[in-house]
Amino acid sequence: KEKWQRLSVGCSKLDRFLRGGVGVQGITEIAGESGSGKTQLCLQMALTVQYPVTYGGLSGGAVYICTEDAFPSRRLQELFCCFPPTFSEAQTNMNFGDSIFIEHIGDVESLKQCLLVRLPQLLTQRKVKLVVVDSIAGLFRSDYDPGDAVNRAKDLQVVGGQLHKLAEQFHLAVICVNQVTNVAGKKNNETQQQPVAALGLAWANMVTTRLQLCRTAHTVPDPHQPDHTVCVRTLQVVFAPNLPSDSCHFIVTKAGVFG
Ligand code: ADP
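Each value, and the rule that gives it
Residues numbered from 1 in each chain as written. Predicted model: local features only at pLDDT ≥ 70, side-chain atom pairs only at ≥ 80, totals over all residues. Helix = DSSP H or I, 4+ residues; strand = E, 2+ residues; numbered from the N terminus. Rg over C-alpha atoms; globule rule 2.2 N^0.38 Å. Buried ≥ 20, exposed ≤ 12 C-beta atoms within 10 Å, placed from the backbone. Contact = placed C-beta atoms within 7 Å. pLDDT = per-residue confidence, 0-100. Axes fitted to C-alpha atoms, helices over the stretch in contact; angles between N-to-C directions. Parallel < 35°, antiparallel > 145°, perpendicular 65-115°, else oblique. Left-handed = near helix turned anticlockwise from the far one by under 90°. Nonpolar A, V, L, I, M, F, W, Y, C, P; charged D, E, K, R; others polar. Near = placed C-beta within 6 Å. Core = buried A, V, L, I, M, F, W, Y, C linked by C-beta atoms within 7 Å. Expected span 1.5 Å × (residues − 1). Bend = angle between axes of the 7 residues up to and from the residue. Arc of directions from axis to C-beta.

A. Spatial organisation of the overall build of the chain. For the chain, the helix and strand inventory stands at eight helices and 13 strands. Here the chain has a C-alpha radius of gyration of 18 Å; the compact-globule value for 259 residues is 18 Å, and the two agree. Summarising its shape, the C-alpha atoms of the chain cover approximately 50 × 50 × 40 Å along the three principal directions. When the 259 residues of the chain are sorted by exposure, 40% land in the buried category. In the chain, once contacts between residues fewer than 6 apart in sequence are set aside, the share between residues at least 24 apart is 67%.

B. The confidence of the model for the chain, seen in detail. Per-residue pLDDT for the chain has a mean of 92; in total, 94% of the residues score no lower than 70. Model confidence for the complex is summarised by a pTM of 0.94, with the ipTM given as 0.98.

C. Quick look at the packing of helix α2 (residues 38–48) against helix α3 (residues 73–82). It is the contact of α2 with α3, at a shortest axis distance of 10 Å, that shows an interaxial angle of 60°. Compared by their axis directions, α2 and α3 come out oblique. By crossing handedness, the relation of α2 to α3 is classed as right-handed. Listed contacts from α3 to Leu43, Gln44, Ala46 and Leu47 of α2 are Arg75, Leu76, Leu79 and Phe80. Looking at the contact of α2 with α3 residue by residue, the class counts come to six nonpolar, one polar and one charged.

D. Structural view of the environment of Gln193. Relative to the assigned elements, Gln193 resides in strand β9 (residues 190–197). Here Gln193 falls in the exposed class, since 11 other C-beta atoms lie within 10 Å of it. Sequence separation between Gln193 and Asn182 is 11 residues; the distance between their C-alpha atoms is 5.6 Å. With residues up to four places along the chain from it excluded, the contact list for Gln193 reads Asn182 and Ala184.

E. Representation of unusual backbone geometry within the structure. Asp134 connects to Ser135 through a cis peptide bond whose omega is 5°. Turning to its location among the elements, Ser135 is positioned in the loop between β6 (128–134) and α6 (136–142). The phi angle at Arg19 is positive, at roughly 55°, despite the residue not being glycine. In this fold, Arg19 is placed in the loop between α1 (12–17) and β2 (22–23). We classify Arg19 as partly exposed; it has 13 C-beta atoms within 10 Å. Of note, the phi angle at Ser59 is positive, near 50°, even though the residue is not glycine.

F. Just the site of the ligand, in detail. Residues in contact with the ligand amount to 13 residues; listed here are only the nearest, Lys38, Thr39, Gln40, Val252 and Lys254. Breaking the shell around the ligand down by element, the ones donating at least two residues are α2, α3 and β12 (247–253).

G. The nonpolar core, seen in detail. Of all hydrophobic cores here, the largest spans 65 residues; its most connected members are Ala46, Leu130, Val132, Ala173 and Ile175. Per-element tally for this core: the top contributor is α2, with six residues. Leaving out residues up to four positions away in the same chain, Val132 has contacts with Cys42, Ala46, Ala62, Tyr64, Ile65 and Ile175.

H. Main features of helix α5 (residues 108–125). Spanning 18 residues, α5 covers 25 Å between terminal C-alpha atoms, matching the ideal 26 Å at 1.5 Å per step. Along α5, the sharpest change in direction is near 40° and occurs at Arg118; proline Pro120 comes one to four residues later. Among the residues of α5, those classed as buried are Val108, Leu111, Leu115, Leu119 and Leu123. Structurally, α5 contributes buried residues whose contacts are with β4 (61–66), β6, α6 and α7 (149–170).

I. Focus on α7. Helix length check: α7, at 22 residues, gives a terminal C-alpha distance of 31 Å against a target of 32 Å (1.5 Å per residue), a fit within 8%. Here α7 has its buried residues at Arg152, Asp155, Leu156, Val159, Gly160, Leu163, Leu166 and Ala167. In a view along the axis of α7, the buried residues occupy a sector of 125°, so they form one face of it. Exposed side of α7, more than 90 degrees from the buried face: Val150, Lys154, Gly161 and Gln169 are the residues found there. Contact partners of the buried residues in α7: β3 (27–32), α5, β6, α6, β7 (173–178) and α8 (200–204). Count one or two residues on from α7 and you reach His171, which has phi positive near 55°.

Structure below.
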């Protein structure tokens, strides 16, 4: 039996696929192209983390570090209202918005300050069980000259190292959102462009579990609006300490991520 806890992603099919959700262990990366559903999963975990352990949560709040866009508070509100009624018992005692601490970060230096100074203070004062960095990619792609790989790798190590340290010290789930770049790879003996998580080996070495999301060309009827369709997406386990490399389908609707 594995020794670490798991945090529900708020979708029972994906939770089963991930054997309970994301591990409270090291850094879980969610990579994928823009619009693939990364932020949706993170927002759902900012809610599920507040549920009691019996509902798949960790009975704690969330820190949500935004580096690119403003925090999508309207979407969070919408998800909260639509969230599965099985959780309603857990919801009644909580004011979900009050337990989500939002940080807006504009450059790598501010991210380091946030992780090294602000977060240790906050995590000591408040019971937080999830830290989301949405996203790690933007800052590290824009803040360096193309030839400055050494400093970039050093900063990635500082950021990744501190996230690991906080995860262990405060028993947190840590999620980092990452972009993908298209890299030529072989599939069925043909060279094809394949999306691969950005930031190279310096970052990949810091990641404990790498999940990758992708939109497919297939559509299915939207369960909330049968005259509309939604695209089928895949969640792939690229690597994980205790999960097979496998993938699973899901959709995103008004009510969130569904299997
Ligand atoms: P990213 O991977 O860039 O973080 P998001 O997690 O923001 O992407 O996912 C965006 C997708 O989620 C949209 O393309 C849309 O399909 C779906 N989505 C977001 N909000 C809603 C909503 N209110 N109703 C239905 N689908 C939504």
